[in-house]
Amino acid sequence: MRVRYEVVRWWLEDGEFVDEVLARVVDVDGLFADPVPPERERLVLRGCTVAPDELTGDFHLGVSGSQWWLLGDLVVHAELPGGDLVASACVSQLIDGGDFGTPPAYTLYKDLRETGTCRAVEGFPRSFESVWPPVTLIGCDNPGRIRPSAPVDEQGPWVGLRALDRGGRIVAHAGVALDVASMSPSAAGEGLFDVVLDQSRYGEDWTVAERPTPAARGAWRVWMEGVPAERNLWAPLSAEGRMWWNEIAAKAPRTRPTAGVHHVDGRHATDEFGLHLALSEALVGPGRFLGSVYAITGMYEEWWFVPGITLVWHEPGVAFEAMPDYFLGLLKNLRRNGVDVVLESSTEDLADRLDRCVELGAFVDRWIAGWARAQEVEPHDLLDNWHVWADLPGREEERILAGDANVMQHAEDVELQSVPTWLTVATDSPDEVTRVVEQAGLVARTPETFMRRGLFDHPAPKPPDGYSVRVMPGDVIEVVVTFDGEEAASGLIAVVGEDAVPHRIETKPAHRRRGLGSVVMGALVQEAVKAGASDGLLFATEEGLHLYRKLGWDTISDVVIAANDKGEA
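The text that follows walks through the structure, step by step, so that each part is easy to find. (Residues numbered from 1 in each chain as written. Predicted model: local features only at pLDDT ≥ 70, side-chain atom pairs only at ≥ 80, totals over all residues. Heavy atoms only, no water.)

1. Some words on the sheet that holds strand S3 (residues 40-46)
Phase 1: Strand order in this open sheet of seven strands is S8-S7-S4-S5-S6-S3-S9, and the pairing throughout is antiparallel. The open sheet has two edge strands with one neighbour each: strand S8 (113-118) and strand S9 (120-122). Each neighbouring strand pair of the sheet contributes to a mean axis angle of 40°, computed without reference to strand direction. (Pairing = 2+ DSSP bridges. Helix = DSSP H or I, 4+ residues; strand = E, 2+ residues; numbered from the N terminus. Axes fitted to C-alpha atoms, helices over the stretch in contact; angles between N-to-C directions.)

This is the structure in structure tokens:
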């Protein structure tokens, strides 16, 4: 009789995990399940600062940063004097941090964003435990050894199930409580038993993994037949099922692609995990692991990029229609890291947007090298954006995107940062990008303009009578225009290779409208050309835009800047 599962316990011994098989099981019933939905609770929100008509749907409630509750399907039934609200919700506890002090602070969140506070919240269950359906071990060979084990500090033991494929290879782990509720002889074979495990204490035992949801069943069943050798066996699964597939694949060794032509079957790339699995199977084959979905499409690692990869993406319109921003961001990242991406049966819009996004990213890469030198900051390249610790008033950090893809993902992340953070996006679609960043909760600042100019024929007017120009060479060239020994205008320019980036071009109010900005720019450019620069790049404010246009600078794109509004504006 084939054994599909083992009941195991793990513990830590001399820094190494040791496991013991307690019993072997033909199959398991009821493993793939969600917790039983909680009953609705009557609540009173005292002194609530959120308008009653806005309190509809799912909310989170934080209690003094120690407890975290889900108020599912919150409904307000009555409004009392003083802002008190009578409501009901399906209440479940997500995090129990224990004592939260006196008096506790209650904060309401919608989509993980703070929406308001309450003076007090009444009506919580006095104790809360998630209720999980039982698990039945069918055909268990040694039920007498299955019993709860008391954890010993951080040594364990951890308990649970592990699923096996036909060859006995471990496919996945599942956390279950080992509380035997009943036991009876099994029809699966002589000497075997069917054992019902009560899961009412699930979560109290130390378990080897989380319990799989119903969406995991299809992925587990395929892998339990053996390591997949065909592509697209994950295609019939839901997005959540594809996530579980990737979790199982993660137990395989990471495989680095080889140089050459790789073909992506894009017919089933209808969500982020499907997109990742299609790419993974193209580069390293089915049943193998390239990296987690957010590692190869986000900003965390680029370990697998090797020279000489050509990626032919078939049916790219499927992913582009399902998730245009995310897919465009992935393709941009691939190209930025040296992968030659060829789109088969592509729409002209996608090909043009990709080319333009990569081009914009290349301009940003060049600009930021000079800007960072002039600003005296160190930017960090994170695959599809630059992260800068600016340490400026109202801007401790800044994220500068290399092209206008994945804007929503970055905007949501910036909004959640705990320090004042800016998001800067060079884009040809400023209205759309502004809408996206504001939808994520950011505050749009005054837009700027990304500009470029060849430097050899740049105007260099002489200063007006009474003004003199002082040049201070160095890694960052500085020019100061003075009048009667007092500074009237100034500016910086940083030269990196053949690029020059002007910075902080300023004229004192008393000396404006005398062409001093043009004098500063001309002197800076002359010195930059001497230092080897031939091309200029800059971000122009609204105030400086007229000057740069007069000097012959051309627009590359618009620049949208937004902040999470957690500091001085």
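2. Let's talk about the sheet that holds strand S15 (residues 260-265)
Phase 1: Judged by pairing direction, the sheet is parallel, and its three strands sit side by side in the order S15-S16-S17 without closing on themselves. Each edge of the open sheet is held by one strand with a lone partner, namely S15 and strand S17 (340-344). For this sheet, the mean angle separating the axes of adjacent strands, direction not counted, is 20°.
Phase 2: Pairing geometry for S15 and strand S16 (residues 309-314), over six bridges, is parallel. Each residue of the ladder has a partner; that of Gly 260, found in S16, is Ile 309.

3. Description of the side chain of His 410
Phase 1: Within the secondary structure, His 410 sits in helix H8 (residues 407-415).
Phase 2: Within the structure, the side chain of His 410 is placed 3.2 Å from the side chain of Arg 399, a separation counted as a polar contact. (Polar contact = N/O pair within 3.5 Å; in protein donor to acceptor, adjacent residues only side chain to side chain.)

4. Details of the packing of helix H2 (residues 239-249) against helix H3 (residues 272-284)
Phase 1: Running from N to C, H2 and H3 cross one another at 40°; their axes reach a closest spacing of 8 Å. It follows from the interaxial angle that H2 and H3 lie oblique. For H2 against H3, the interelement crossing comes out left-handed. Residues Ala 239, Arg 242, Met 243, Trp 245 and Asn 246 of H2 touch H3, and the partners they reach there are Phe 273, Gly 274, His 276 and Leu 277.
Phase 2: Tallied by class, the residues present in the contact of H2 with H3 amount to five nonpolar, three polar and one charged. (Parallel < 35°, antiparallel > 145°, perpendicular 65-115°, else oblique. Left-handed = near helix turned anticlockwise from the far one by under 90°. Contact = heavy atoms within 4.5 Å. Nonpolar A, V, L, I, M, F, W, Y, C, P; charged D, E, K, R; others polar.)

5. Let's talk about the nonpolar core
Side chains of a nonpolar character, in soluble globular proteins, are inclined to be buried together.
Phase 1: Counting residues in each nonpolar core, the largest one holds 69 residues, and the members touching the most others are Tyr 5, Leu 137, Trp 220 and Trp 313.
Phase 2: In terms of residue count, H3 provides more of this core than any other element does, seven residues in total.
Phase 3: Those residues in contact with Tyr 5, other than ones at most four positions away along the chain, are Arg 24, Val 25, Asp 27, Val 28, Leu 31, Phe 32, Leu 161, Arg 162, Ala 163, Trp 220 and Met 224.
Phase 4: Counting 27 residues, the second largest nonpolar core, distinct from the first, contains Leu 455, Val 519, Met 521 and Leu 538. (Core = buried A, V, L, I, M, F, W, Y, C linked by side-chain atoms within 4.5 Å. Buried < 20%, exposed > 50% of the residue type's maximum accessible area, 1.4 Å probe, protein only.)

6. What about empty space enclosed by the protein?
Phase 1: One pass over the full model with this rule turns up one cavity of 30 Å³ or more.
Phase 2: Approximately 70 Å³ is the volume attributed to the largest cavity.
Phase 3: Along the wall of the largest cavity there are 14 residues; nearest its centre are Trp 245, Ala 249, Leu 277, Ser 280 and Arg 288.
Phase 4: At the level of elements, H2 and H3 are the ones that each hand at least two residues to the lining of the largest cavity.
Phase 5: At four residues, H3 tops the list of elements feeding residues into the lining of the largest cavity. (1 Å grid on protein atoms, 1.4 Å probe; cavity = no way out; pocket = protein on both sides within 12 Å on 5 of 7 lines; lining within 4 Å. Points joined across faces, edges and corners; volume = space filled by probe spheres on them.)

7. Concerning the environment of Glu 415
Phase 1: Looking at where Glu 415 falls in the secondary structure, it is placed in helix H8.
Phase 2: Between the C-alpha atom of Glu 415 and that of Ala 563, which follows or precedes it by 148 residues, the distance is 7.7 Å.
Phase 3: The residues touching Glu 415, leaving out its near neighbours within four places in the chain, are Arg 113, Ala 440, Gly 441, Leu 442, Asn 564 and Lys 566.

8. Some words on H8
Phase 1: Those residues of H8 not exposed but buried are Val 407, His 410, Ala 411, Val 414 and Glu 415. For H8, the buried positions fall inside an angular range of 135° around the axis, keeping them on one side.
Phase 2: The elements touched by buried residues of H8 are S8, helix H6 (324-336), strand S19 (385-388), strand S20 (397-401), strand S21 (421-427) and helix H9 (430-439). (Arc of directions from axis to C-beta.)

9. Here we look at the pairing of strand S10 (residues 135-140)
Phase 1: With five of six residues buried, S10 lies mostly within the body of the structure.
Phase 2: Across four bridges, S10 lies against strand S14 (residues 193-198) in antiparallel orientation. Counted as the bridge partner of Cys 140 is Phe 193 from S14.

10. Some remarks on the pattern of salt bridges
Phase 1: Scanning the model with the defined rule gives 28 salt bridges in all.
Phase 2: Glu 6 is paired through a salt bridge with Arg 162; the nearest N and O atoms lie 2.8 Å apart. Here Arg 162 lies in strand S11 (residues 158-164) and Glu 6 lies in strand S1 (residues 5-13), a separation of 156 residues in the sequence. Just as Glu 6 is buried, Arg 162 falls in that class too. (Salt bridge = Lys/Arg side-chain N within 4 Å of Asp/Glu carboxyl O.)

11. Quick notes on the packing of aromatic side chains
Phase 1: The tally for this structure, following the rule as stated, stands at 13 aromatic pairs.
Phase 2: Judged by centre distance (5.8 Å) and plane angle (50°), the ring pair of Trp 10 and Phe 17 falls under tilted.
Phase 3: Measuring from centroid to centroid gives 5.6 Å for Trp 223 and Trp 245, while their planes differ by 70°, and the two rings are edge-to-face. Taken together, the residues span a long stretch of sequence, with Trp 223 in helix H1 (residues 217-223) and Trp 245 in helix H2 at a distance of 22 residues.
Phase 4: Given the relative accessible area of 2%, Trp 245 is considered buried.
Phase 5: Through a chain of ring-to-ring contacts, the aromatic side chains of Phe 363, Trp 367, Trp 371, Phe 450 and Phe 539 assemble into a single cluster.
Phase 6: Lys 110 extends its terminal NZ or CZ atom over the ring of Phe 59, reaching a point 4.8 Å from the ring centre.
Phase 7: Here the guanidinium or amino end of Arg 395 rests over the ring plane of Trp 422, the centre of that ring lying 4.0 Å away. (Phe/Tyr/Trp six-rings, centres within 6.5 Å; stacked < 30°, edge-to-face > 60°. Lys NZ or Arg CZ within 6 Å of the ring centre and 35° of its normal.)

12. Remarks on unusual backbone geometry
Phase 1: Not every positive phi belongs to a glycine, and Asn 232 is a case in point at roughly 65°.
Phase 2: If you trace the backbone, Asn 232 turns up in the loop between H1 and H2.
Phase 3: Note on Asn 232: relative accessible area 15%, which makes it buried.
Phase 4: Positive phi outside glycine occurs at Glu 376, with the angle close to 60°.
Phase 5: You can see Glu 376 is positioned in the loop between helix H7 (348-375) and strand S18 (380-381).
Phase 6: Its relative accessible area of 72% is what places Glu 376 among the exposed residues.

13. Quick notes on the environment of Arg 373
Phase 1: Relative to the helices and strands, Arg 373 resides in helix H7.
Phase 2: What makes Arg 373 partly exposed here is its relative accessible area of 38%.
Phase 3: Other than its neighbours up to four places away in sequence, Arg 373 contacts Asp 475, Val 476, Ala 494, Val 495 and Val 496.

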